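# Observations on the three-dimensional arrangement
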Amino acid sequence: MPSASGQVAAEAPIAAPAQPATTTEGGAVEAPSGEAISSPMVGTFYRKPSPDDPDFVNVGDTISEGQTLCIIEAMKVMNEIKAERSGTITQICVDDGTPVQFGDDLFRVQ
């Protein structure tokens, strides 16, 4: 939309969410370890069932298949996301309260 001076304001591009990378002492970047657990839907990622409760899982926790890992809120419905396999959480890829897209990595399990 033109401003009072007749110039058109450009919209800022939307950046894709960055995946955290680990840097070694030599400065080389390591790929995240473990198998990814991805988001099955679009929504808002929550690490705990309510603000006063502890997180479902933390890095280093051993999980079993079927265990609830997080909640994704979609259209005011709270959807529990369950582990597809057993293992140990090596990385939590998303911050609490962050919007996620279908296929975004939520956790890494080894």
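Description of the structure in this document.

What counts and how
- Residues numbered from 1 in each chain as written.
- Predicted model: local features only at pLDDT ≥ 70, side-chain atom pairs only at ≥ 80, totals over all residues.
- Heavy atoms only, no water.
- Core = buried A, V, L, I, M, F, W, Y, C linked by side-chain atoms within 4.5 Å.
- Buried < 20%, exposed > 50% of the residue type's maximum accessible area, 1.4 Å probe, protein only.
- Helix = DSSP H or I, 4+ residues; strand = E, 2+ residues; numbered from the N terminus.
- Contact = heavy atoms within 4.5 Å.
- Pairing = 2+ DSSP bridges.
- 1 Å grid on protein atoms, 1.4 Å probe; cavity = no way out; pocket = protein on both sides within 12 Å on 5 of 7 lines; lining within 4 Å.
- Points joined across faces, edges and corners; volume = space filled by probe spheres on them.
- Nonpolar A, V, L, I, M, F, W, Y, C, P; charged D, E, K, R; others polar.
- Phe/Tyr/Trp six-rings, centres within 6.5 Å; stacked < 30°, edge-to-face > 60°.
- Lys, Arg positive; Asp, Glu negative; His and termini not counted.
- Salt bridge = Lys/Arg side-chain N within 4 Å of Asp/Glu carboxyl O.
- Polar contact = N/O pair within 3.5 Å; in protein donor to acceptor, adjacent residues only side chain to side chain.

## Here we look at the nonpolar core
Judged by nonpolar contacts, the single largest core of 17 residues is most densely connected at Phe45, Ile63, Leu69, Ile89, Leu106 and Phe107. Elements represented by at least two residues in this core include exactly β6 (68-74), β8 (87-92) and β10 (105-109). Leaving out residues up to four positions away in the same chain, Leu69 has contacts with Ile37, Arg47, Phe56, Val57, Ile63, Ile81, Lys82, Ala83 and Phe107.

## Description of the sheet that holds strand β7 (residues 77-82)
Strand order in this open sheet of 4 strands is β7-β6-β4-β9, and the pairing throughout is antiparallel. The sheet terminates laterally at β7 and β9 (99-100), the two strands that pair on one side only. Of the pairings in the sheet, the one linking β6 to β7 comprises 6 bridges and is antiparallel in character. By the bridge assignment for β7, Ile71 is matched with Glu80.

## Let's talk about the sheet that holds strand β3 (residues 35-38)
Overall, antiparallel pairing links the 4 strands, which are arranged β3-β10-β8-β5 in an open sheet. Pairing within the sheet leaves two strands with one partner each, and these edge strands are β3 and β5 (62-63). Bridge count between β8 and β10: 3 bridges; the pairing is antiparallel. Across the sheet, residue Ile92 finds its bridge partner in β10, namely Phe107.

## Description of empty space enclosed by the protein
Within the structure shown, the criterion is met by 1 cavity of 30 Å³ or more. If you go around the largest cavity, the residues you meet are Glu35, Ala36, Ile37, Glu84, Arg85 and Val109. Here the element with the most residues in the lining of the largest cavity is β3; it accounts for 3 residues. When the residues that make up the lining of the largest cavity are grouped by side-chain class, the tally is 3 nonpolar, no polar and 3 charged.

## Quick look at the pairing of β8
Across 2 bridges, β5 lies against β8 in antiparallel orientation. Opposite Thr62, over in β8, you have Thr88 as the bridge partner.

## A few points about the packing of aromatic side chains
Across all of its chains, the model carries 1 aromatic pair by this definition. Measuring from centroid to centroid gives 5.9 Å for Phe45 and Phe107, while their planes differ by 55°, and the two rings are tilted. With Phe45 in strand β4 (residues 43-46) and Phe107 in strand β10, this pair connects stretches of sequence that are 62 residues apart. Phe107 matches Phe45 in its accessibility class, with the two residues each being buried.

## Here's the deal with the side chain of Glu73
By the secondary structure assignment, Glu73 is in strand β6. Buried charged residue Glu73 carries no salt bridge. Nearest counter-charge: Lys76, at 4.4 Å. At a separation of 3.3 Å, a polar atom in the side chain of Glu73 contacts the side chain of Tyr46. Discounting chain neighbours no more than four positions away, the residues touching Glu73 are Val42, Gly43, Thr44, Tyr46 and Met78.

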